[in-house]
Amino acid sequence: QVQLVESGGGLVQPGGSLRLSCTASGIIFSINAMGWYRQAPGKQREMVTTITSGGNINYTDSVKGRFTISRDNAKNTVYLQMNGLKPEDAAVYYCNADVKRRRYDPSRNYWGQGTQVTVSS
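Read on for a plain summary of the structure.

The rules behind the values
- Residues numbered from 1 in each chain as written.
- Predicted model: local features only at pLDDT ≥ 70, side-chain atom pairs only at ≥ 80, totals over all residues.
- Heavy atoms only, no water.
- Helix = DSSP H or I, 4+ residues; strand = E, 2+ residues; numbered from the N terminus.
- Rg over C-alpha atoms; globule rule 2.2 N^0.38 Å.
- Contact = heavy atoms within 4.5 Å.
- Areas by Shrake-Rupley, 256 points an atom, 1.4 Å probe, with all protein chains shown as cover.
- Lys, Arg positive; Asp, Glu negative; His and termini not counted.
- Charge placed at Lys NZ, Arg CZ, Asp CG, Glu CD.
- Core = buried A, V, L, I, M, F, W, Y, C linked by side-chain atoms within 4.5 Å.
- Buried < 20%, exposed > 50% of the residue type's maximum accessible area, 1.4 Å probe, protein only.
- Pairing = 2+ DSSP bridges.
- Axes fitted to C-alpha atoms, helices over the stretch in contact; angles between N-to-C directions.
- Salt bridge = Lys/Arg side-chain N within 4 Å of Asp/Glu carboxyl O.

## Digging into the overall build of the chain
When you go through the chain residue by residue, the secondary structure sums to zero helices and 11 strands. Mapped in sequence order, the helices and strands of the chain form the string β-β-β-β-β-β-β-β-β-β-β. Relative to the compact-globule value of 14 Å for 121 residues, the chain shows a C-alpha radius of gyration of 14 Å, a close match. Here the analysis covers contacts within the chain between residues at least 6 apart in sequence; of these, 55% occur between residues at least 24 apart. Working note: accessible area of the chain is about 6,500 Å², and carbon and sulfur atoms make up 45% of it. Taking the 14 positively charged and 8 negatively charged side chains of the chain as two groups, their mean positions are separated by 5 Å.

Structure representation (structure tokens):
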């Protein structure tokens, strides 16, 4: 089995910063895309940002210029640096990864358990 474990959420004032981390563990041959999604109360889960193993990055428009995704392939870890946080960024943030467990296995999609980000004064 593959596990994704997130950390770094918490309470921050508007304009503040947080850094989320997510590490994949288990039987892993390779990881293609990794990313962050978020879900606010009463809303659907939405993509925040994704990064491929080759470094191709996508951001949802609302976080461009404020959030930065990065990854350490050797550590199977993805990071999300969030600056200039706004109340509308508050949500549960989920890590996501497309993992190939063995060389000839198809990739499977995995989710972390989520970490709460609260933006409030």
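## Focus: the nonpolar core
By size, the foremost hydrophobic cluster in this structure holds 27 residues, and its most contacted members are Trp 36, Phe 67, Val 78, Met 82 and Tyr 93. Where this core is concerned, the elements lending two or more residues are strand 1 (2–7), strand 3 (18–26), strand 4 (30–39), strand 5 (46–51), strand 7 (67–72), strand 8 (77–82), strand 9 (91–100) and strand 11 (115–119). The element contributing the most residues to this core is strand 9, with five residues. Beyond its immediate sequence surroundings of up to four residues, Tyr 93 is in contact with Glu 6, Leu 20, Trp 36, Tyr 37, Arg 38, Val 48, Phe 67, Leu 80, Met 82, Gly 114, Thr 115 and Val 117.

## Some remarks on the pairing of strand 3
Of the strand pairs in this sheet, strand 1 and strand 3 are connected by six bridges, and their pairing is antiparallel. From the neighbouring strand, Ser 7 faces strand 3, where its bridge partner is Ser 21.

## What to know about the sheet that holds strand 7
Spatial ordering of the open sheet is given by 1-3-8-7, a layout of four strands whose pairing is antiparallel. Since the sheet does not close on itself, it has two edges, and those belong to strand 1 and strand 7, each with one partner. Pairs of neighbouring strands in the sheet enclose a mean axial angle of 15°, with direction left out of account.

## Focus: the pattern of salt bridges
One pass over the structure, following the stated rule, counts five salt bridges. Residues Asp 61 and Lys 64 are paired through a salt bridge, measuring 2.9 Å at the closest nitrogen-oxygen approach. A salt bridge links Asp 89 to Arg 66; its shortest N-O distance comes to 2.7 Å. Here Asp 89, found in the loop between strand 8 and strand 9, pairs with Arg 66, found in the loop between strand 6 (57–59) and strand 7; they are 23 residues apart in sequence, far enough to count as distant. Of the two residues, Asp 89 and Arg 66, both sit in the buried class. Salt bridges linked by common partners bring Arg 38, Glu 46, Arg 66 and Asp 89 together as one network.

Bear in mind that shape data such as this cannot, by itself, settle questions of function.
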